[in-house]
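# Examination of the molecular architecture
The residues making up each chain are set out below.
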Amino acid sequence: MNILLAAALKVVGVLVFVMANAFMLIWLERKVSGYIQRRYGPLRVGGPAGIYQSAADILKLLAKEDFMPGGADRWLWLLAPVVSMVPAVLVYLVLPIGRTFTLQDLGVGLVFFSSVTSFTLLAIFMAGWGSNNKYSLLGAMRAGAQLFSYEVPLILSTIGVVLIAGSLRLQTIVAAQTQHGWFFFEQIVGFIVFFIASIAELNRTPFDLAEGESEIIAGYHTEYSGMRWAMFMLAEYSNLFTSSALGVALFFGGWHGPWLPGWVWFLLKTYIVVFVGMWIRWTLPRIRIDQLLDLGWKFLLPVSVANILGTALVLMVR
Amino acid sequence: MEKYLDILVFTLAGAAFPLIAVGGGLILRRRYPDVEKERAYESGELPIGDARIPFHISYYVFALVFLVFDIESVFLYPWAVIYLHLNHVLAFLEIVVFVGILLAGWLYAWKKKVLSWM
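Described in the following lines is the structure provided in the data block. This one's a predicted model, so the numbers in the text were calculated from it and none came from an experiment.

### Some thoughts on the overall build of chain B
Assigned secondary structure in chain B consists of 3 helices and 0 strands. For chain B, the sequential pattern of α-helices and β-strands runs α-α-α. Scaling as 2.2 N^0.38, a compact globule of 118 residues should have a C-alpha radius of gyration of about 13 Å, whereas chain B reaches 25 Å, well beyond that. Summarising its shape, the C-alpha atoms of chain B cover approximately 70 × 50 × 15 Å along the three principal directions. With 118 residues in all, chain B has 33% of them scored as buried.

### Quick word on the packing of helix α3 (residues 74–90) of chain A against helix α1 (residues 2–24) of chain B
Where α3 of chain A contacts α1 of chain B, the two axes come as close as 8 Å, and the packing angle between them is 140°. As the angle between them shows, α3 of chain A and α1 of chain B are arranged oblique. The handedness of the crossing between α3 of chain A and α1 of chain B comes out as right-handed. In contact with P81, V82, M85, V86, V89 and L90 of chain A of α3 of chain A, α1 of chain B contributes I7, F10, T11, G14, A15, F17, P18 and L19 of chain B.

### Overview of helix α2 (residues 52–63) of chain A
With 12 residues, α2 of chain A should reach 16 Å at 1.5 Å per residue; the first-to-last C-alpha distance of 17 Å fits that figure. Residues of α2 of chain A that are buried include every one of Q53, S54, D57, L61 and L62 of chain A, and no others. Contacts made by the buried residues of α2 of chain A are with α1 (2–36) and α11 (226–251) of chain A together with α1 of chain B.

### Overview of the nonpolar core
Of all hydrophobic cores here, the largest spans 111 residues; its most connected members are L250 and W297 of chain A together with W79 of chain B. Among the elements that line this core, the one with the most residues is α11 of chain A, at 14 residues. Not counting the four nearest positions on each side in its chain, W297 of chain A is found in contact with S149 and P302 of chain A together with F62, V65, F66, F69, W106 and L115 of chain B. By size, the runner-up hydrophobic cluster in this structure holds 13 residues, among which are W77, A80, A210 and Y220 of chain A.

### What about the interface of chain A and chain B?
Facing 84 residues of chain A, the contacting portion of chain B comprises 64 residues. Of the roughly 6600 Å² buried between chain A and chain B on both sides combined, carbon and sulfur atoms contribute 75%. It is K134, W297 and K298 of chain A that lose the most area in chain A upon contact with chain B, and together they represent 10% of the buried surface on that side. For the interface between chain A and chain B, the tally reads 1 salt bridge.

### Quick word on the environment of L28 of chain B
Mapped onto the secondary structure, L28 of chain B falls in the loop between α1 and α2 (58–82). A relative accessible area of 47% places L28 of chain B in the partly exposed class. Residues contacting L28 of chain B, with those up to four places away along its chain left out, are L59, L62 and A63 of chain A.

Scoring rules and cut-offs
- Residues numbered from 1 in each chain as written.
- Chains lettered and ligands numbered in written order.
- Predicted model: local features only at pLDDT ≥ 70, side-chain atom pairs only at ≥ 80, totals over all residues.
- Heavy atoms only, no water.
- Helix = DSSP H or I, 4+ residues; strand = E, 2+ residues; numbered from the N terminus.
- Rg over C-alpha atoms; globule rule 2.2 N^0.38 Å.
- Buried < 20%, exposed > 50% of the residue type's maximum accessible area, 1.4 Å probe, protein only.
- Axes fitted to C-alpha atoms, helices over the stretch in contact; angles between N-to-C directions.
- Parallel < 35°, antiparallel > 145°, perpendicular 65-115°, else oblique.
- Left-handed = near helix turned anticlockwise from the far one by under 90°.
- Contact = heavy atoms within 4.5 Å.
- Expected span 1.5 Å × (residues − 1).
- Core = buried A, V, L, I, M, F, W, Y, C linked by side-chain atoms within 4.5 Å.
- Buried area = accessible area lost by both parts, 1.4 Å probe.
- Salt bridge = Lys/Arg side-chain N within 4 Å of Asp/Glu carboxyl O.

The structure is reproduced here in structure tokens:
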């Protein structure tokens, strides 16, 4: 019974964090995009720097009419937001938040993370196929090709870190960096591949072909509105946080840092990576699909394989 | 056991959360069904035909190449974990052969132009 209570407490904590995180990130993204484009972003709704805008958005989404497009595949359409939310919540289990604080420190943490996040594609495809809308299907097909292409470099780029740390447990990988120094310096090639591939996995500009507003309306979530649409956005912002957190754990020493407690460092580093992601999103234009696939298959894949072999060679000689 | 319980609870909660969120809005929202509203959006025109059309074969080739490399990564993980405890030279040569065979297949796919967009 106690274990069940502990699990329930953990999951409530995570859900509260997911909502608070989305609340902050929606506001932050609009502010960052505003200042990058030399305007102010939300201001008029009120609060410090217009932060009540997020609350107003949530109220609007709650009150919005909920209807299903005619000809939609009922169950696929209804279940897609649910399926997109499950992996977003599950990955919080393995994040090494503090020195002794992980919700559930699985021995295969890294594999768990990458296998769970690949379910996101399933949700996107369910939404695209279920909607009976041409734009949705186009977006889903593009998302399929894109997530396939970037999952391989994403996984391969982490193997260099695993080689040095000798473990898939994220807590052990972070602990290895406290003696060894951040893996960012030795695995800079791995980090660059990881960062590009994780932006692509998140469907964010310059890789937002799956939902490019100016080409295919909103891609796979064209037919969603109100709270169902909000679930996709909630999962997306949650994934933005968790994949940045994984990058911090693998390459930037996780909770390791002087003076402040571990979890503060972890959150601080993660939000810095999130901010860099936003900076890239609002600076670069969208790329074409042939450029996207070429970058994935003909550049990132060989580079990440070369990184693995190079790391193994250096470790052998050492 | 505790680990599996946590994963189960997280999965169920992750599935329950959207249902509660969508259900929770029922108090606030009204519903005015309308034929026009429920029609699939196609830039304001009447939708032409069914949206679920057959797609180009190149998507499936990408999926096949992806499968090959995904399985490769599953083999690479255990190798990477125990690499420091192995006979380094032998372990390195073995993985060079393994990755080399896959890269030969990858080069073949590239030369056959299945990795470029049609």
